[in-house]
Amino acid sequence: MFEKEIGTIKRTSQTGLWGSVGAVILTAAFMMSPWTLRQSAYVSRWMLIAGSVLAVLAVSMTLMVVRRQVPRLRQSESLEAKLRGYASHVKSTFMSMFAVVVLLCLMTVLSGQNVLLMLSMVATLTLFLAYPNIYKVKVDLGLTDEEMKSLYGDRYISDNKNEE
């Protein structure tokens, strides 16, 4: 019934997270290699400034969007509206942060500024913190145990033990 939304949440979050991890690892490996791409000191300095501003704005905006969007989604009327909104939220968050990480990694390689690699790692850490596993989805959307069973079936294990 909601397989499309659940698939979108899973696929885009994994793509964004593991793509970012891969980009950071490849950039770190390139930085340790004997090859270098150096710009002039002026260009390198401006790439450092632009990359730092980009990283700070992207991480802060991601945290602010998560903080504001999730309570709005929780207040939606139907389960379908909640899931559709959450899938859209996860897709935009993870794909935009993936693009930012790739851009920061590219700037790291071009400028030779190791600080940008560190900022890429911080941006990737933001994706780890926002990663939507099934229990985070339950908390974020305020779903009941019955709704979770209908969405995830046997994969969801309820923490409520009904003792009769």
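Residues numbered from 1 in each chain as written. Predicted model: local features only at pLDDT ≥ 70, side-chain atom pairs only at ≥ 80, totals over all residues. Heavy atoms only, no water.

Engineer: Kindly report on the overall build of the protein chain, identifying the contributing residues and their values.
Structural biologist: Scanning the protein chain from terminus to terminus reveals six helices and zero strands. Its C-alpha atoms give the protein chain a radius of gyration of 19 Å, clearly above 15 Å, the size a compact globule of 164 residues would have. Taken along the three principal axes of its C-alpha coordinates, the protein chain extends 70 × 30 × 30 Å. Expressed as a percentage of the 164 residues in the protein chain, the buried residues total 40%. Pairs at least 24 apart in sequence give 75% of the contacts found in the protein chain among residues at least 6 apart. For the protein chain, the exposed surface amounts to about 9,900 Å²; the carbon and sulfur share of it is 63%. Distance between charge centroids for the protein chain: 16 Å, based on 17 positive and 12 negative side chains. (Helix = DSSP H or I, 4+ residues; strand = E, 2+ residues; numbered from the N terminus. Rg over C-alpha atoms; globule rule 2.2 N^0.38 Å. Buried < 20%, exposed > 50% of the residue type's maximum accessible area, 1.4 Å probe, protein only. Contact = heavy atoms within 4.5 Å. Areas by Shrake-Rupley, 256 points an atom, 1.4 Å probe, with all protein chains shown as cover. Lys, Arg positive; Asp, Glu negative; His and termini not counted. Charge placed at Lys NZ, Arg CZ, Asp CG, Glu CD.)

Engineer: How would you sum up the pattern of salt bridges? Please name residues and give values.
Structural biologist: Taken as a whole, this structure holds four salt bridges when the rule is applied. A salt bridge links R84 to E5; the nearest nitrogen and oxygen atoms lie 3.9 Å apart. Placement of the pair is R84 in helix 3 (residues 79–111) and E5 in helix 1 (residues 3–32), with a sequence separation of 79 residues. Of the residues examined, R84 reaches a relative accessible area of 45% and is grouped as partly exposed. A single network of salt bridges, built from pairs that share partners, joins E5, E80 and R84. (Salt bridge = Lys/Arg side-chain N within 4 Å of Asp/Glu carboxyl O.)

Engineer: Now, about the packing of helix 1 against helix 4 (residues 114–130): what can you tell me, with residues and values included?
Structural biologist: Contact geometry of helix 1 with helix 4 gives a least axis separation of 9 Å together with a crossing angle of 160 degrees. In terms of orientation, helix 1 and helix 4 fall into the roughly antiparallel class. Our pair here, helix 1 against helix 4, has a crossing hand that is left-handed. Across from G16, L17, W18, S20, V21, V24, T27, A28 and M31 in helix 1, the residues of helix 4 making contact are N114, L117, S120, M121, T124, L127 and F128. Of the residues in the contact of helix 1 with helix 4, the class split is ten nonpolar, six polar and no charged. (Axes fitted to C-alpha atoms, helices over the stretch in contact; angles between N-to-C directions. Parallel < 35°, antiparallel > 145°, perpendicular 65-115°, else oblique. Left-handed = near helix turned anticlockwise from the far one by under 90°. Nonpolar A, V, L, I, M, F, W, Y, C, P; charged D, E, K, R; others polar.)

Engineer: Outline the packing of helix 1 against helix 3, listing residues and values.
Structural biologist: For the pair helix 1 and helix 3, interaxial distance at closest approach is 8 Å and the crossing angle is 10 degrees. With respect to helix 3, the element helix 1 is oriented roughly parallel. Broken down by class, the residue content of the contact of helix 1 with helix 3 amounts to 18 nonpolar, nine polar and three charged.

Engineer: Describe the confidence of the model for the protein chain, naming the residues involved and giving the relevant values.
Structural biologist: Scored by pLDDT, the protein chain has a mean of 90; 97% of the residues are at 70 or more. Per-element confidence in the protein chain ranges from a low mean pLDDT of 85 for helix 6 (residues 145–152) to a high of 95 for helix 4. (pLDDT = per-residue confidence, 0-100.)

Engineer: Provide a residue-level description of helix 5 (residues 134–141), including the pertinent values.
Structural biologist: An α-helix turns once every 3.6 residues. As a result, residues three or four positions apart point the same way. Turning to helix 5, its buried residues number three or more, namely I134, V137, K138, D140 and L141. Its side-chain oxygen at 3.1 Å from the backbone nitrogen of Y135, N133 defines the N-terminal cap of helix 5. G142 sits one or two residues past helix 5 and shows a positive phi near 65 degrees. (Polar contact = N/O pair within 3.5 Å; in protein donor to acceptor, adjacent residues only side chain to side chain.)

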